[in-house]
Amino acid sequence: MAANQKQYVVFRIDNDEYGADINKVTIIERMMTITRVPKTPPYIKGVINLRGEVLPVMDLRTRFGLPEKEADDSTRIVMVDIGNNISYGIIVDAVVEVLQVEDTAIESVTGFSGNINVDYISGVAKSGERLITLLNLERLISELIPA
């Protein structure tokens with residue numbers, strides 16, 4: 001891989017594709033039992049026990065204000081590690097692929113508008129005719145991390 005390229009795990013939520021820096025993705029799991037935790041934000045679905053480690057799980061549909069969807073065979077939990085011993089899972093509709101993106105194919109989100117708060121977006125990658133929203137994984141849970 002060239003120095004001016006990055007790899008992203010691309011996943012689908014509703015009809016849109018999103019990308020997460022592959023260096024922060026630790027594992028992709030099938031949907032599993034989630035234990036609800038009282039007094040957490042609605043987008044935190046609860047915690048899972050992943051090989052003895054209890055980790056929080058976020059529902060991006062809820063986080064982005066989209067209607068909830070029943071889990072199916074394509075539903076996955078993408079586990080990410082954002083450093084400082086902070087790991088969490090993201091429930092996605094489906095994992096699509098691992099995509100290599102040139103730095104020049106990533107556009108800034110300045111002036112971006114839509115249903116999603118731009119704080120969560122680090123850029124938009126162009127891949128052929130597709131546009132993939134690149135997520136800032138740290139900002140997705142920033143209000144839950146003690147300063």
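Residues numbered from 1 in each chain as written. Predicted model: local features only at pLDDT ≥ 70, side-chain atom pairs only at ≥ 80, totals over all residues. Heavy atoms only, no water.

## Quick word on the packing of aromatic side chains
Argument step 1. For the structure shown, the criterion picks out three aromatic pairs.
Argument step 2. An angle of 25° between the planes, with centres 6.3 Å apart, marks the rings of Phe11 and Tyr18 as stacked. Side by side, Phe11 and Tyr18 carry an identical accessibility label, which is buried.
Argument step 3. Ring geometry for Tyr18 against Phe64: centres 5.4 Å apart, planes inclined by 40°, an arrangement best described as tilted. (Phe/Tyr/Trp six-rings, centres within 6.5 Å; stacked < 30°, edge-to-face > 60°. Buried < 20%, exposed > 50% of the residue type's maximum accessible area, 1.4 Å probe, protein only.)

## As for the nonpolar core
Soluble, globular proteins show a tendency: their nonpolar side chains are buried together.
Argument step 1. The biggest cluster of nonpolar side chains holds 22 residues, and the ones touching the most others in it are Leu60, Tyr88, Leu137 and Leu140.
Argument step 2. Those elements that provide at least two residues to this core are strand E1 (5–13), strand E2 (16–21), strand E6 (76–81), strand E7 (87–92) and helix H2 (137–140).
Argument step 3. With residues near it in sequence (within four places) discarded, Leu60 still touches Phe11, Ile13, Ile90, Ile91, Leu135 and Leu140.
Argument step 4. By size, the runner-up hydrophobic cluster in this structure holds eight residues, among which are Val10, Val101, Ile132 and Leu134. (Core = buried A, V, L, I, M, F, W, Y, C linked by side-chain atoms within 4.5 Å. Helix = DSSP H or I, 4+ residues; strand = E, 2+ residues; numbered from the N terminus. Contact = heavy atoms within 4.5 Å.)

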